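Survey of secondary and tertiary structure
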Amino acid sequence: MSETVGPWGDRASDAAQPEPAQPPTAAPRKPASPIQTLVWNIVSTLVLAGWIAWQMGWLWAVAAILGVFVHEIGHVLVINWAGSGPSRIRIIPFFGGAATMARPPLSDFKGVLIALAGPVFGLLAALPFFGLAAWTGDGAWKQGAFVVAAINLLNLAPAPPLDGSKALGPVLARIHPMLERVALGLVGGLAAIWTLSRGSLLMPLIIVLSVFASLRARRMRPPAEPLTWGAWTLSLSLYLAALALSAAVAGAAALGAGLSFNFGFGDFGGLR
């Protein structure tokens with residue numbers, strides 16, 4: 001009679017064998033604590049501000065940081081409203097800021113609203129500089145308003161990874177998906193050439209890599225409910241209105257501050 005152990009009839013020899021070793025599991029990565037996130041945001045903001053101040057002066061640095069924060073707050077508010085939150089702001093040294101999304105928007109129209117919220121809401125950061133110029137009688141304060149408006153105006157360019165590509169992309173795709181790819185590739189190439197001609201090396205590289213990644217992907221954005229023709233008309237109207245408003249604020253600020261800014265494509269108001 002074979003020797004057994006326990007009530008289940010397991011052989012003693014089997015019971016003596018060691019269990020097969022389990023593969024080690026990686027320890028779950030702990031998310032950054034709120035204090036670590038706060039410290040990183042402060043340090044990266046100071047790095048960005050210091051670099052801008054070194055290049056352009058303290059007024060431009062203050063205006064740029066304020067403009068970036070207000071711009072991103074606009075994104076955060078609409079992201080949370082659209083059900084894609086919770087959202088938070090990350091400051092990227094030498095580049096700017098970004099608002100995170102927990103999930104993509106359910107419709108392309110909500111994606112358009114999220115993209116346009118930053119540039120439109122961000123123009124509010126120009127108001128303190130217009131107010132200081134009126135209060136002190138010194139038009140130099142309007143340089144700050146120009147910096148804020150220029151940040152938002154440039155963000156409306158339909159070139160990845162800027163907000164303009166996310167706002168205008170669904171509008172073009174509603175006509176034909178290839179139209180979006182061709183237009184964004186062409187505009188992205190022109191934007192990279194223009195920023196390179198302005199003396200920037202980092203921005204053209206970012207644009208080229210973003211355009212390449214967008215065109216290489218099977219989808220330009222996560223699947224979502226496409227625009228209806230009514231939403232298409234409203235999206236295009238909102239994009240053009242945001243573009244006109246940002247250009248108007250930038251032009252008014254440049255004229256008030258006596259700035260002569262060369263875009264490389266002719267004159268616009270006080271901008272050359």
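Residues numbered from 1 in each chain as written. Predicted model: local features only at pLDDT ≥ 70, side-chain atom pairs only at ≥ 80, totals over all residues. Heavy atoms only, no water.

We now examine the packing of helix α3 (residues 58-81) against helix α4 (residues 108-122). For the pair α3 and α4, the least separation of the axes is 7 Å and the interaxial angle reads 145°. Like other packed secondary-structure pairs, α3 and α4 cross with a definite hand, here right-handed. Contacts between α3 and α4 involve Val70, His71, Ile73, Gly74, His75, Leu77, Val78, Ile79 and Trp81 from the first element and Leu113, Ile114, Ala115, Ala117, Gly118, Pro119, Phe121 and Gly122 from the second. Tallied by class, residues from the contact of α3 with α4 come to 12 nonpolar, 5 polar and no charged. (Axes fitted to C-alpha atoms, helices over the stretch in contact; angles between N-to-C directions. Helix = DSSP H or I, 4+ residues; strand = E, 2+ residues; numbered from the N terminus. Left-handed = near helix turned anticlockwise from the far one by under 90°. Contact = heavy atoms within 4.5 Å. Nonpolar A, V, L, I, M, F, W, Y, C, P; charged D, E, K, R; others polar.)

This paragraph deals with the nonpolar core. The biggest cluster of nonpolar side chains holds 28 residues, and the ones touching the most others in it are Ile52, Phe129, Phe146 and Val148. For this core, the element with the highest residue contribution is α3, accounting for 8 residues. Apart from the residues lying within four places of it in its own chain, the contact partners of Phe129 are Leu59, Val62, Ala63, Leu66, Trp141, Lys142, Gly144, Ala145 and Val148. Listed in part, the 14 residues of the second largest apolar core include Ala167, Leu227, Ala231 and Trp232. (Core = buried A, V, L, I, M, F, W, Y, C linked by side-chain atoms within 4.5 Å. Buried < 20%, exposed > 50% of the residue type's maximum accessible area, 1.4 Å probe, protein only.)

This part is about the packing of aromatic side chains. Counted by the stated rule, this structure contains 3 aromatic pairs. A ring pair is formed by Trp60 and Phe146, whose centres lie 6.2 Å apart and whose planes are at 65°; its orientation type is edge-to-face. Pair noted here: Trp60 is in helix α3 and Phe146 is in helix α6 (residues 142-155), with a separation of 86 residues, a long-range link. For the pair formed by Trp60 and Phe146, the shared burial category is buried. (Phe/Tyr/Trp six-rings, centres within 6.5 Å; stacked < 30°, edge-to-face > 60°.)

Once that is clear, we can look at the packing of α3 against α6. Where α3 contacts α6, the two axes come as close as 8 Å, and the packing angle between them is 45°. When the axis of α3 is compared with that of α6, the two are oblique. By crossing handedness, the relation of α3 to α6 is classed as right-handed. Across the interface between the two elements, Leu59, Trp60, Ala63, Ala64, Gly67 and His71 of α3 pack against Gln143, Gly144, Phe146, Val147, Val148, Ile151, Asn152 and Asn155 of α6. Class assignment for the residues of the contact of α3 with α6 results in 8 nonpolar, 6 polar and no charged. (Parallel < 35°, antiparallel > 145°, perpendicular 65-115°, else oblique.)

Let's shift gears to unusual backbone geometry. Cis geometry is found at the peptide bond from Gly85 to Pro86, where omega equals 5°. Along the polypeptide, Pro86 turns up in the loop between α3 and β3 (89-92).

Attention now moves to α3. Helical geometry note: an α-helix holds 3.6 residues per turn, so side chains three or four residues apart project in the same direction. With 24 residues, α3 should cover 34 Å at 1.5 Å per step; its first-to-last C-alpha distance of 35 Å lies within 8% of that length. Count one or two residues on from α3 and you reach Gly83, which has phi positive near 85°. (Expected span 1.5 Å × (residues − 1).)

With that out of the way, let us pick up the side chain of Asn152. With respect to the helices, strands and loops of the structure, Asn152 is situated in helix α6. Residue classification places Asn152 among the buried positions, given a relative accessible area of 0%. Polar contacts involving the side chain of Asn152 include one to the main-chain carbonyl oxygen of Val148, which spans 2.7 Å. Setting aside anything within four residues of it in sequence, one finds Asn152 in contact with His71, Gly118, Pro119, Gly122, Leu123 and Ser246. (Polar contact = N/O pair within 3.5 Å; in protein donor to acceptor, adjacent residues only side chain to side chain.)

Moving on to the confidence of the model for the protein. With 79% of its residues at a pLDDT of 70 or more, the protein shows a mean pLDDT of 79. For the stretch residues 1-15, pLDDT sits under 50, and the model shows 8 contacts to residues farther than four places along the chain or on other chains. Here residues 263-272 is modelled with pLDDT under 50, and outside its nearest four sequence neighbours on either side it reaches 23 contacts, counting other chains as well. (pLDDT = per-residue confidence, 0-100.)

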